Amino acid sequence: MPSRRASPRGERWLQSSPHSSHSPTNLARPIHPRPDRSIRPPPNSGHRAAAMARTAASDDDDDGPPPAYTVQRGPRRDPRLKDLGISCMLNTEVAALLAVIRRRPDPYSYLPPAVAAAEEATFAGLIQSLKSLRALLFQPRLGAWRCSDPSTYLSPFLDVVQSEEVPPAATGVALSSVLKILRIDVFDECSPGARDAIHAILTALTNCRIERIADAGAEEAVLLRVLQVLAALLRARAAPLLSDSAVCTAVNTCFQIVQHAASSRGSELLQRTARHCMHEILQAVFARLPDIRAPPDGDGAGADGDDAALGSGAGFGARCMVDVFNFLCSLLLNATDMVMSPDGQGAFTSEEDVMLFSLVLVNTAVELGGEAIGKHPKLLRLIQDDLFYHLIHYATESSALVLSMICSTALNLYHFLRRFLKLQLEAFFMFVLLRVGGGAGGPQLQEVAIEGLISFCRQPTFVIEMYVNYDCDPLLHNVFEEVGKLLCKAAFPTSGPMSTVQLQAFEGLVNMITTIADNIEVDRAPDHSAYAIDVSEYRLFWTDRWDAAAGAGHETWVDFVRRRKLRKKKVAIAANHYNRDHKKGMEFLKLCHLVPTPPDARSVAYFLRYSPGLDKVKIGEYLGDPDELNLRVLKEFTETFDFTGAILDTALRTYLETFRLPGESQKIQRVLEAFSERFYEQQTAGVFATKDAAFILCYSVIMLNTDLHNPQVKKKMTEEDFIRNNRAINDKKDLPREYLSELFHSIATNAITMFSSSAAAVEMTPSRWADLVKRSRALEPFTTCDFRHKLSREVFIAVSGPAVATLAAIFDCADDEETLNQCVEGLVSVARIARYGLEDVLDELLCCLCKFTTLLNPYATTEETLFTFSNELKPRMATLALFTIANRFGESVRGAWKNVVDCLLKLKRLKLLPQSVIEPGGGAGERASERPGHRHRASDAAGVIFPSSHRGAGTSRHVSGMIGRFSQFLSLDSGGESLLAVGSEFENNLKIIQQCQVGSIFTESAKLPDEALHNLGRALIFAAGGKGQKFSTPIEEEDTVGFCWDLLLLVATANLHRFATFWPPLHECFNAVSQLPLFSPCPFAEKAIVALFKVAVRLIAAAPAQAPASLPPRAVDPRVAEELVFKSINLMWKLDKEILDTCCEGISDCIVKLIGDHAGGVQTPLGWKTLLHLLTVTGRHPETFDQSVAAMVRLMSDGGPHVSRFNYAAVIEAAFGFAALKISPLEISTKILELMADSVNWLIQWHKSGYSDPGSMGFSGGPSSASAAEDAMRMGNLATSMFIKLAEALRKTSLVRREEIRNQAVAELGRAFAFAAAGDLDFGPAGCLACFNLVIFAMVDDLHEKTLEYSRRDGAERETRSMEGTLVAAAEMLADVFVLLLPTLAQAPGFRTFWLGVLRRMDTCMKCDLAAGGGAGVMQELVPRALKRMILEMKEKGVLVPRDGDELWEITHIQIQWIAPTVKDELFPE
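Parameters at a glance
- Residues numbered from 1 in each chain as written.
- Predicted model: local features only at pLDDT ≥ 70, side-chain atom pairs only at ≥ 80, totals over all residues.
- Heavy atoms only, no water.
- Helix = DSSP H or I, 4+ residues; strand = E, 2+ residues; numbered from the N terminus.
- Buried < 20%, exposed > 50% of the residue type's maximum accessible area, 1.4 Å probe, protein only.
- Contact = heavy atoms within 4.5 Å.
- Patch = residues over 30% accessible without salt bridge, like charges linked within 9 Å, V, L, I, M, F, W, Y side chains within 5 Å.
- Areas by Shrake-Rupley, 256 points an atom, 1.4 Å probe, with all protein chains shown as cover.
- Salt bridge = Lys/Arg side-chain N within 4 Å of Asp/Glu carboxyl O.
- Lys, Arg positive; Asp, Glu negative; His and termini not counted.
- Charge placed at Lys NZ, Arg CZ, Asp CG, Glu CD.
- Expected span 1.5 Å × (residues − 1).
- Polar contact = N/O pair within 3.5 Å; in protein donor to acceptor, adjacent residues only side chain to side chain.
- Axes fitted to C-alpha atoms, helices over the stretch in contact; angles between N-to-C directions.
- Parallel < 35°, antiparallel > 145°, perpendicular 65-115°, else oblique.
- Nonpolar A, V, L, I, M, F, W, Y, C, P; charged D, E, K, R; others polar.
- Phe/Tyr/Trp six-rings, centres within 6.5 Å; stacked < 30°, edge-to-face > 60°.
- Lys NZ or Arg CZ within 6 Å of the ring centre and 35° of its normal.
- Disulfide = S-S within 2.5 Å.
- Core = buried A, V, L, I, M, F, W, Y, C linked by side-chain atoms within 4.5 Å.
- pLDDT = per-residue confidence, 0-100.

A word on the overall build of the protein chain
Consideration 1: Within the protein chain, the secondary structure is distributed over 62 helices and zero strands.
Consideration 2: A burial count over the protein chain gives 54% of its 1470 residues as buried.
Consideration 3: Pairs at least 24 apart in sequence give 78% of the contacts found in the protein chain among residues at least 6 apart.

Structure representation (structure tokens):
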């Protein structure tokens, strides 16, 4: 129990009361002095007070009056009839009272005749007054009873009540009559004389003499009636007319009866009724408080200060409520004195009974007074200064029942008055709930404290208000964070089943997280940059307050709070650094802009003063150093204390609690000098004449504390020694002896604690409470606020780590379904919060759920995993929660996609995934497959239902006992088929997996941001590559890889609108996958290329840059996306070229579809090159040849609308591939060769139009500022290049084995040259030379070599003659093209060399005929004829004429002699 100085407020009141005493009877008197003839209970008290206190506590829930006091107010009747009824009632009451009085025996027989006559006369007066009243009842009156003076009909009854001569029965009847008059409202506040009448009733009750009643039963009956009348009096309509002192008298009278009832003479009924009446009276009194006007200014000091608060100038006001509340606080303070002693003194059986009784009444006052208490400063100060101290003091030392009542009281105070109780609430949490909840008071108290915390957490704004007011305030504790950690610690499971405390803490934790999740939702999540906080400038934030006017321009209130919290976090980190090395700590403060550079004294002083966790020894050492900065810091540090009105030892205790006094005397002197100077400046009593006197006394107090409490000091200092040591120190005068004596006894009974670095648990001492009350006057008020999105996120961050770990541990250990459901609800709430920029938390959560699914157990076989999943509830719940969270909050998932994909693949191997997962539409497919007419559940109904019981393994299990308590988040498919069906084990598993809506993760991946999408795609690619997978068979590996690529196809299809941005990181993964140690390219590349071609089809078929309406469009060139997918395709088939043979049909189908239906959508050279190349490759297979060649012919037919100068080379190369193919029929090859030759017309058309073909716009990427000459040159070079590509393809075709194809190729090449010449396709001299050198000469040389090769083989005469025939056609074509292009060729600077090349080829052909054994064969006829034709054309064109210095004529003449001497004379006559 605290001493008399334990409560400043209580001490002041007790000292000011002239009747204060430890007597339980006199304890009530300070409310109002008791009249001389008031009720005088016997000195002995009752013995069943504790039971009645509990009864009163239970009655506390009944806020309304009992039925006996209630007057039913129905429709108004005729007033005359009502008045007649009142008259009849009064007549009945008078008659009954007279009958009881007349029945009495002769009481005066023992008295002398004179005395007996006098007493009889008095008694006759009572009877006469009653008769007079009866005579007036039915006489005509000027008005109704309501308009009559109540004293007319009340006085006779009140006289009987106060009379000492009437028997107890008559007193009881008179009280019953008064009670009836009050209940039926015979008069009200408007009746004349109502004020006097209501006070007369109260006076009669207090003057009722019961000590004359000898019979205990009769006495109890009278007391019961007195209680009933008291309660009815305070609830009467005229009750507001009572004065403040009258109300205090009523409370005093009722409390005296409570005391009397607790004595040995009181029955159980009287005890209960008395306490309930006390409760009723306080309800009636404090229910009026909200209607009372608050005092104008200050606290209404003065005798009539509270009277001014009355609304109408009549009736009681806040003054009596202050006195009553003060009385209730004094009950708590003096609870020990109220307990019944062995000599019969006291009114309660135990201290617990006193506290319960007073707490019930305090609760009543707070509940009814509500927020109006805050408008009355005196009442508010009682709560701030006294009540909260008592609550904190007794909470840790009392029973569980008392603690429960204290928690309820604190909760009510939080509800109504938290704006005024900021520091008091912090102290209650830190010293009571958190300490007791941590187990400091035993398991029973811990359970009650946890329950109290949960009650707070259930309040809608408690979480955010605790965080804003305490966790974000640099001067206060992190209350919310400590509450969250306590709940996590208390709920964390241990071995064995969960205890009641653990379950309660778990419930509170889930409630807290759910509250945050319910208030964090926003329509659109901000970007990550929106959560960033900038603290790049120094600000003295310790005492900084939000100024709406000043802050509106540059920051919001939310930003201000978040910055304060960030600085507070950094201060905690700086304190940790400072404890290790003060220099590093100071550097960290500068780095974080917590102190300026260079540091100033005030910022460092605030850091040392208010930073939690700082080593108090280091603080003391720093403050004691003599450096200039340290001295200034010491001064600023000391000025943070307010010692106004404090006595020396209290101020010194407060000062030394913040650091440990250093050991060196010089440092001690500097510290005490700073303290004494501050204390001297703020003293109010004027005890010290100089600051030196304060310093000397401080030093003396420190020495006294050491002397008295150091066990090594044997001879202790006495009070006289202490007083003698401090003589003449106050400016050569003595300090008051009483002052020094009080100091000595204070130090002797309570040592000044020298705190060390060890964080020992501190207690709430009176000095510490006095300092708290003083600080509360200057601290910024409690901020009432609601949730804001960014703040809600910050709130959860404070407890995210322990919360997720605790929920995961509980889910792992729990077995009952109720706990598992709550746990999943909490985990889903965590996900709802973590989606807003807390990706690491969400990843951790999903990894935990993956573990609980048991699907990733590396030591379990497939059969064991399937058995566990089918027969245990927990894996099913975890699986459903896992995919639900991945579905709903996938935008915030990062690295955990790997675990989700691994679980998905495991389900695939267990054959538990429906086929609809990889179908387009995913989850939509599942919904479409529901039975028609199936009744859909509401979207907010309970979702998936889980089994509560199972049968044995291997039996047909029913799910009819499944219970659903999942939130709506766990049932994405609101219309899903109920699981309350009977089916096999496999069917039940499949239904649960269908509820997971796995396909929606991929089909709706368009909603994922880029980073989440990259992680999902990367996880699928690495899983397809075999990373982290164990395959038992090649078939299983192939199925897994194929499934991964099917999912990648779904993802790519859903994100075609941003393919160019999300695919590059995935393309880089292909190279990384190929470097894996156990990478097998066969299944990976085989499945990949088919899937990639499907992606290409959908990408090209889709409208360019067409994004879904719900997503923002992306201005990305579609050609970039196309090029990316074809790069990936090329990479895949290059990993293993054999895959082109194994999956040729799938590739061919996609290519044919692209070329046939979407050829106009292919816009990149790489795309065309890849498509046509792979079309040729797949066309080699008989099963795909027909559709491939048909696509090729269709592409080149009808003018080739999709052929452009950018894909022309690829088209010609592909056409050559089909034309030269062995399995290609002759007519097909012939058709393709003809189309190739006809393609020259495209070149002519493009050349004439300046290459403005449709494809030119799609691929032109060069600068548009080139000159006309450069354009012409580029166009000429381009024409030559494309024609040479065509000619080279025909040249290569001329080397195939089939003679018809060879000859057709040579003929088509000649036709192509003819088309080019006829169409004015200008190759230029260089182009013409290139055509001969690269095509015609090369063809002749190759055919010559082939002819010679066949001629050397045995039995190859037929092949030799066939090849020779092609060579003849080639030589003839050479001559034709030479004649055709001679004008241009003659302009070439190297025409002489070129002509020698022509002659050399003719010589070669002539010799080939001889070498092949043909003798005078075809070549012998063809070569001379061709030479003659070419030379004559040269002569005709003036190219070959004899000129001086021109060797062409001579060289030709000489060569003709060797090659064809038969035509020499004709061509060169002598």
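Some remarks on a positive patch on the surface
Consideration 1: A contiguous patch of positive charge on the surface is contributed by K1134, K1137, K1169 and K1285.
Consideration 2: You can see K1134 is positioned in helix 46 (residues 1118-1135).
Consideration 3: A residue is classified by how much of its surface remains accessible, and K1134, at 54% relative accessible area, is exposed.

Examining helix 50 (residues 1182-1196)
Residues that lie three or four places apart on an α-helix share one face, since the helix turns once every 3.6 residues.
Consideration 1: A rise of 1.5 Å per residue sets the reference length of helix 50, with its 15 residues, at 21 Å; its end C-alpha atoms lie 22 Å apart and thus fit the reference within 8%.
Consideration 2: Buried residues of helix 50: T1184, F1185, S1188, V1189, A1191, M1192, V1193, L1195 and M1196, and no others.
Consideration 3: Where the residues of helix 50 are buried, they touch helix 48 (1144-1157), helix 49 (1165-1178), helix 51 (1208-1219), helix 52 (1226-1238) and helix 53 (1240-1248).
Consideration 4: D1198 lies just past helix 50 and shows a positive phi near 55°.

Quick word on the pattern of salt bridges
Consideration 1: Throughout the structure, instances matching the rule amount to 49 salt bridges.
Consideration 2: K667 is the salt-bridge partner of E664, the closest N and O atoms lying 4.0 Å from each other.
Consideration 3: We classify K667 as buried; its relative accessible area is 8%.

Some remarks on the environment of T1404
Consideration 1: Within the element layout of this structure, T1404 appears in helix 59 (residues 1391-1411).
Consideration 2: Taking the relative accessible area as the measure of exposure, T1404 reaches 21% and is therefore partly exposed.
Consideration 3: Separated by 15 residues in the primary sequence, T1404 and M1419 place their C-alpha atoms 10.0 Å from one another.
Consideration 4: One polar contact links the side chain of T1404 to the main-chain carbonyl oxygen of R1400, over a distance of 2.8 Å.

Considering the packing of helix 14 (residues 377-395) against helix 16 (residues 422-437)
Each pair of packed helices gets described by two things: the angle between the helix axes and the distance between those axes.
Consideration 1: Two elements in contact, helix 14 and helix 16, have axes whose closest approach is 10 Å; the angle formed by their N-to-C orientations is 5°. On the basis of the axis angle, helix 14 is roughly parallel to helix 16. In contact with Q384, F388, I392 and A395 of helix 14, helix 16 contributes Q424, L425, A427, F428, F431 and V432.
Consideration 2: In terms of residue class, the contact of helix 14 with helix 16 is made up of eight nonpolar, two polar and no charged.

Some points on the packing of aromatic side chains
Consideration 1: One pass over the structure, following the stated rule, counts 54 aromatic pairs.
Consideration 2: Between Y606 and Y610, the ring centres sit 5.6 Å apart and the planes meet at 40°, which makes this aromatic pair tilted. Pair noted here: Y606 and Y610 are both in helix 24 (residues 601-610), with a separation of four residues, about one helical turn.
Consideration 3: Residue Y606 is classed as buried on the basis of its relative accessible area of 13%.
Consideration 4: By relative accessible area, Y610 is classed as buried at 19%.
Consideration 5: Through successive ring pairs, a cluster of aromatic residues spans F637, F641, F643, Y655, F659, F675, F679, F688 and Y739.
Consideration 6: A cation sits over an aromatic face here: R609 above F641, 3.9 Å from the ring centre.
Consideration 7: Above the plane of the ring of F1337 lies R1401, whose end atom (NZ or CZ) is 4.3 Å from the centre.

Regarding unusual backbone geometry
Trans peptide bonds make up the majority, and among non-glycine residues the majority have a negative phi.
Consideration 1: Residue P598 is bonded to the preceding T597 through a cis peptide linkage, with omega at -5°.
Consideration 2: Looking at the element boundaries, P598 is found in the loop between helix 23 (582-591) and helix 24.
Consideration 3: The residue H593 is not glycine, and still its phi comes out positive at about 60°.
Consideration 4: Positionally, H593 belongs in the loop between helix 23 and helix 24.
Consideration 5: Residue class for H593 comes out partly exposed when judged on its relative accessible area of 29%.
Consideration 6: The backbone of D731 sits at a positive phi, close to 55°, despite the residue not being glycine.
Consideration 7: Turning to its location among the elements, D731 is positioned in the loop between helix 30 (719-725) and helix 31 (737-749).

What about the packing of helix 36 (residues 862-871) against helix 37 (residues 873-888)?
Consideration 1: Two elements in contact, helix 36 and helix 37, have axes whose closest approach is 5 Å; the angle formed by their N-to-C orientations is 90°. Of the possible angle classes, the one that applies to helix 36 and helix 37 is roughly perpendicular. On helix 37, the residues that touch T868, F869, S870 and N871 of helix 36 are L873, P875, R876 and T879.
Consideration 2: Taken together, the residues of the contact of helix 36 with helix 37 sort by class into three nonpolar, four polar and one charged.

Quick word on the state of the cysteines
Consideration 1: For the structure shown, the criterion picks out zero disulfides.
Consideration 2: This cysteine, C785, is not joined by any disulfide, and C472 carries the nearest cysteine sulfur, 9.3 Å off.
Consideration 3: For C785, a relative accessible area of 11% gives the class buried.

Describing the environment of T640
Consideration 1: Relative to the helices and strands, T640 resides in the loop between helix 26 (628-638) and helix 27 (648-656).
Consideration 2: Along the chain, T640 and Y655 lie 15 residues apart, while their C-alpha atoms are 9.9 Å from each other.
Consideration 3: Aside from chain neighbours lying at most four places away, what touches T640 is Y606, R609 and Y610.

Quick look at the nonpolar core
Consideration 1: Grouped together as the largest cluster of nonpolar side chains are 410 residues, with contacts concentrated most on F325, I1089, M1236, F1283 and F1378.
Consideration 2: Top contributing element to this core by residue count: helix 58 (residues 1357-1385), with 14 residues.
Consideration 3: Filtering out sequence-adjacent residues up to four positions away, I1089 remains in contact with I1129, M1132, W1133, I1139, L1140, C1143 and I1147.
Consideration 4: Ranked by size, the runner-up nonpolar core spans 63 residues in total, among them L594, L652, Y655 and L743.

Comments concerning the confidence of the model for the protein chain
Consideration 1: On average, residues of the protein chain score 80 in pLDDT, and 81% of them reach the 70 mark or higher.
Consideration 2: Taken as a whole, residues 1-74 scores under 50 in pLDDT and shows 190 contacts with residues more than four places along the chain or in a different chain.
Consideration 3: Contacts of residues 1254-1272 to residues separated by more than four positions or lying in other chains number 19 contacts, the stretch itself having pLDDT below 50.

Here's the deal with the environment of A530
Consideration 1: Topologically, A530 is positioned in the loop between helix 20 (500-520) and helix 21 (548-551).
Consideration 2: Given a relative accessible area of 24%, A530 falls into the partly exposed group.
Consideration 3: Considered as a pair, A530 and G837 are 307 residues apart in the sequence and their alpha carbons are 9.7 Å apart.
Consideration 4: Every residue in contact with A530, bar those within four places of it in the chain, is listed here: R562 and K790.

Description of helix 9 (residues 216-235)
Consideration 1: The end-to-end C-alpha separation of helix 9 is 29 Å, in line with the 28 Å expected for 20 residues at 1.5 Å each.
Consideration 2: Buried residues dominate helix 9, accounting for 14 of its 20 residues.

Re the side chain of T1176
Consideration 1: With respect to the helices and strands, T1176 occurs in helix 49.
Consideration 2: A distance of 2.8 Å separates a polar side-chain atom of T1176 from the backbone oxygen of L1172.

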